[in-house]
Amino acid sequence: MPKKELKEYNRWFHNVMPQRVDELTKALNSSSGFEGWKPSYAPDSLNSLGNWFATQVATRPHTREELRNLPQHVREYVSEGELTNRTISLAMDVGIYLSEVFLRNNASLKWDQIFGSSRFIDYGQPVLVGFGGNVPFNPVRMVITMAYGLAKNTKDGKALREIYDIWSKKIG
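With that out of the way, let us pick up helix H6 (residues 139–151). Given a rise of 1.5 Å per residue, 13 residues ought to cover 18 Å, and the 18 Å separating the end C-alpha atoms of H6 matches this to within 8%. The opening residue of H6 is Asn 138, an N-cap whose side-chain oxygen sits 3.1 Å from the backbone nitrogen of Val 140.

Structurally, Asn 138 is set in the loop between strand S4 (126–129) and H6. Of the residues examined, Asn 138 reaches a relative accessible area of 6% and is grouped as buried. Among the polar contacts made by the side chain of Asn 138, one reaches the main-chain amide nitrogen of Val 140 at a distance of 3.1 Å. Looking at Asn 138, its side chain comes within polar contact range of the main-chain nitrogen of Arg 141, at 3.0 Å. Leave out the neighbours within four places in its chain, and Asn 138 touches Asp 122, Gln 125, Pro 126 and Val 127.

It is worth spelling out the pattern of salt bridges at this point. The full count for this structure, using the stated rule, is seven salt bridges. Two residues, Glu 23 and Lys 26, come together in a salt bridge whose shortest N-O distance is 3.6 Å. Linking Glu 23 with Lys 26, this pair stays in helix H1 (residues 3–29), spanning three residues, or about one helical turn. Between Glu 66 and Arg 60 there is a salt bridge, with its nearest N and O atoms 2.7 Å apart. By relative accessible area, which is 23% here, Glu 66 ends up partly exposed. By relative accessible area, Arg 60 is classed as partly exposed at 29%. Look at the salt bridges and you will find they share partners, linking Asp 44, Arg 161 and Asp 165 into a network.

A few words on the nonpolar core. A general trend in soluble globular proteins is that nonpolar side chains are found buried together. Grouped together as the largest cluster of nonpolar side chains are 40 residues, with contacts concentrated most on Leu 49, Trp 52, Phe 53, Tyr 97, Leu 98, Phe 102 and Phe 137. Of all the elements in the fold, those that place two or more residues in this core are H1, helix H2 (45–56), helix H5 (85–105), H6 and helix H7 (159–168). It is H5 that contributes the most residues to this core, nine residues altogether. Setting aside residues up to four positions removed in sequence, Phe 102 forms contacts with Leu 109, Leu 128, Phe 131, Phe 137, Ile 163, Tyr 164, Trp 167 and Ser 168.

Reading guide: rules and limits
Residues numbered from 1 in each chain as written. Predicted model: local features only at pLDDT ≥ 70, side-chain atom pairs only at ≥ 80, totals over all residues. Heavy atoms only, no water. Helix = DSSP H or I, 4+ residues; strand = E, 2+ residues; numbered from the N terminus. Expected span 1.5 Å × (residues − 1). Polar contact = N/O pair within 3.5 Å; in protein donor to acceptor, adjacent residues only side chain to side chain. Buried < 20%, exposed > 50% of the residue type's maximum accessible area, 1.4 Å probe, protein only. Contact = heavy atoms within 4.5 Å. Salt bridge = Lys/Arg side-chain N within 4 Å of Asp/Glu carboxyl O. Core = buried A, V, L, I, M, F, W, Y, C linked by side-chain atoms within 4.5 Å.

As C-alpha coordinates, then:
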(Lines give C-alpha, C1' and ligand atoms only; values in the text may rest on other atoms or scores of the structure.)
Protein backbone atom coordinates (compact mmCIF):
# COMPACT_ATOMS: atom_id res chain seq x y z
CA MET A 1 0.00 0.00 0.00
CA PRO A 2 1.14 3.55 -0.54
CA LYS A 3 2.26 5.42 2.57
CA LYS A 4 -0.87 7.61 2.57
CA GLU A 5 -3.15 4.54 2.62
CA LEU A 6 -1.08 2.96 5.38
CA LYS A 7 -1.49 6.11 7.48
CA GLU A 8 -5.25 5.98 6.88
CA TYR A 9 -5.24 2.30 7.88
CA ASN A 10 -3.36 3.20 11.06
CA ARG A 11 -6.01 5.82 11.96
CA TRP A 12 -8.79 3.34 11.23
CA PHE A 13 -7.05 0.63 13.28
CA HIS A 14 -6.80 2.83 16.37
CA ASN A 15 -10.37 4.11 15.97
CA VAL A 16 -11.89 0.60 15.84
CA MET A 17 -9.92 -0.83 18.75
CA PRO A 18 -12.62 -0.26 21.42
CA GLN A 19 -15.31 -1.69 19.12
CA ARG A 20 -13.17 -4.76 18.34
CA VAL A 21 -12.58 -5.45 22.05
CA ASP A 22 -16.36 -5.21 22.57
CA GLU A 23 -16.94 -7.68 19.73
CA LEU A 24 -14.30 -10.00 21.16
CA THR A 25 -15.98 -9.86 24.57
CA LYS A 26 -19.36 -10.72 23.01
CA ALA A 27 -17.82 -13.67 21.16
CA LEU A 28 -16.29 -15.06 24.35
CA ASN A 29 -19.42 -14.46 26.40
CA SER A 30 -21.49 -16.41 23.85
CA SER A 31 -19.17 -19.43 24.18
CA SER A 32 -19.78 -22.12 26.74
CA GLY A 33 -17.37 -21.81 29.64
CA PHE A 34 -16.40 -18.21 28.85
CA GLU A 35 -19.68 -16.42 29.62
CA GLY A 36 -18.13 -14.40 32.45
CA TRP A 37 -14.97 -13.24 30.68
CA LYS A 38 -14.42 -9.50 30.92
CA PRO A 39 -11.64 -7.39 29.41
CA SER A 40 -9.82 -6.54 32.64
CA TYR A 41 -6.59 -5.85 30.75
CA ALA A 42 -4.70 -7.82 33.37
CA PRO A 43 -2.09 -10.28 32.10
CA ASP A 44 -4.03 -13.14 33.72
CA SER A 45 -7.00 -12.37 31.43
CA LEU A 46 -4.86 -13.69 28.57
CA ASN A 47 -5.04 -17.21 30.01
CA SER A 48 -8.77 -17.64 29.40
CA LEU A 49 -8.64 -15.65 26.17
CA GLY A 50 -5.87 -17.88 24.80
CA ASN A 51 -7.77 -21.03 25.75
CA TRP A 52 -10.89 -19.72 24.06
CA PHE A 53 -9.04 -18.62 20.93
CA ALA A 54 -7.49 -22.09 20.63
CA THR A 55 -11.02 -23.50 20.25
CA GLN A 56 -11.89 -21.00 17.52
CA VAL A 57 -9.02 -21.42 15.08
CA ALA A 58 -10.08 -23.02 11.81
CA THR A 59 -8.45 -23.53 8.43
CA ARG A 60 -9.61 -24.10 4.89
CA PRO A 61 -7.77 -25.83 2.07
CA HIS A 62 -5.44 -23.65 0.04
CA THR A 63 -6.62 -22.64 -3.38
CA ARG A 64 -4.51 -23.75 -6.32
CA GLU A 65 -3.39 -20.17 -6.83
CA GLU A 66 -2.32 -19.86 -3.18
CA LEU A 67 -0.30 -23.06 -3.46
CA ARG A 68 1.34 -21.87 -6.67
CA ASN A 69 2.38 -18.62 -4.99
CA LEU A 70 3.73 -20.22 -1.81
CA PRO A 71 7.51 -20.61 -1.77
CA GLN A 72 8.52 -24.22 -1.25
CA HIS A 73 10.22 -23.49 2.10
CA VAL A 74 6.97 -21.96 3.46
CA ARG A 75 4.66 -24.81 2.45
CA GLU A 76 5.58 -27.06 5.38
CA TYR A 77 4.57 -24.34 7.83
CA VAL A 78 1.11 -23.88 6.38
CA SER A 79 0.42 -27.48 5.39
CA GLU A 80 -2.76 -27.54 7.48
CA GLY A 81 -4.33 -25.04 5.11
CA GLU A 82 -5.04 -21.33 5.22
CA LEU A 83 -6.64 -19.66 8.21
CA THR A 84 -10.29 -18.84 7.62
CA ASN A 85 -11.37 -15.22 7.35
CA ARG A 86 -13.14 -15.57 10.70
CA THR A 87 -9.94 -16.84 12.33
CA ILE A 88 -7.95 -13.93 10.92
CA SER A 89 -10.60 -11.50 12.15
CA LEU A 90 -10.52 -13.04 15.63
CA ALA A 91 -6.72 -12.98 15.59
CA MET A 92 -6.87 -9.26 14.87
CA ASP A 93 -9.23 -8.75 17.80
CA VAL A 94 -7.10 -10.88 20.12
CA GLY A 95 -4.01 -8.96 18.94
CA ILE A 96 -5.72 -5.65 19.69
CA TYR A 97 -6.63 -6.85 23.18
CA LEU A 98 -3.09 -8.16 23.74
CA SER A 99 -1.70 -4.75 22.77
CA GLU A 100 -3.99 -3.07 25.29
CA VAL A 101 -2.79 -5.46 28.02
CA PHE A 102 0.79 -4.48 27.18
CA LEU A 103 0.04 -0.75 27.12
CA ARG A 104 -2.00 -0.66 30.32
CA ASN A 105 0.60 -2.63 32.26
CA ASN A 106 3.79 -1.07 30.84
CA ALA A 107 3.90 2.73 30.72
CA SER A 108 7.07 2.78 28.61
CA LEU A 109 5.38 1.17 25.58
CA LYS A 110 3.65 3.15 22.85
CA TRP A 111 2.22 2.74 19.36
CA ASP A 112 4.29 3.54 16.30
CA GLN A 113 4.13 3.09 12.55
CA ILE A 114 7.50 2.41 10.96
CA PHE A 115 8.21 3.56 7.40
CA GLY A 116 11.92 2.83 6.97
CA SER A 117 12.59 0.13 4.41
CA SER A 118 9.59 -1.23 2.52
CA ARG A 119 11.26 -4.64 2.93
CA PHE A 120 10.72 -4.49 6.71
CA ILE A 121 8.17 -7.14 7.70
CA ASP A 122 6.05 -4.64 9.62
CA TYR A 123 6.45 -1.74 7.20
CA GLY A 124 3.61 0.72 7.80
CA GLN A 125 1.86 -1.53 10.31
CA PRO A 126 0.71 -0.46 13.78
CA VAL A 127 3.38 -1.78 16.16
CA LEU A 128 4.27 -1.37 19.81
CA VAL A 129 7.69 0.05 20.57
CA GLY A 130 9.68 0.32 23.78
CA PHE A 131 11.12 -3.16 23.88
CA GLY A 132 14.84 -3.69 24.32
CA GLY A 133 16.96 -3.83 21.22
CA ASN A 134 14.61 -1.42 19.49
CA VAL A 135 12.53 -4.37 18.25
CA PRO A 136 8.90 -3.49 17.47
CA PHE A 137 6.04 -5.82 18.38
CA ASN A 138 3.22 -6.36 15.90
CA PRO A 139 0.41 -7.83 18.03
CA VAL A 140 -1.81 -8.82 15.12
CA ARG A 141 0.98 -10.57 13.23
CA MET A 142 2.06 -12.31 16.43
CA VAL A 143 -1.44 -13.68 17.08
CA ILE A 144 -1.87 -14.75 13.45
CA THR A 145 1.42 -16.65 13.75
CA MET A 146 0.14 -18.20 16.96
CA ALA A 147 -3.06 -19.23 15.13
CA TYR A 148 -1.01 -21.19 12.59
CA GLY A 149 0.66 -22.98 15.50
CA LEU A 150 -2.74 -23.74 17.01
CA ALA A 151 -3.94 -25.08 13.65
CA LYS A 152 -0.90 -27.39 13.46
CA ASN A 153 -1.30 -28.42 17.11
CA THR A 154 2.21 -27.20 17.89
CA LYS A 155 0.76 -24.54 20.21
CA ASP A 156 -2.05 -24.51 22.74
CA GLY A 157 -4.11 -21.86 24.52
CA LYS A 158 -1.22 -21.05 26.86
CA ALA A 159 0.69 -19.52 23.94
CA LEU A 160 -1.03 -16.14 24.26
CA ARG A 161 0.11 -15.63 27.85
CA GLU A 162 3.55 -16.97 26.90
CA ILE A 163 3.84 -14.29 24.22
CA TYR A 164 3.05 -11.66 26.82
CA ASP A 165 5.51 -13.06 29.34
CA ILE A 166 8.35 -13.42 26.81
CA TRP A 167 7.91 -9.91 25.40
CA SER A 168 7.43 -8.36 28.86
CA LYS A 169 10.96 -9.43 29.73
CA LYS A 170 12.23 -7.44 26.73
CA ILE A 171 10.74 -4.11 27.82
CA GLY A 172 13.57 -1.62 28.02
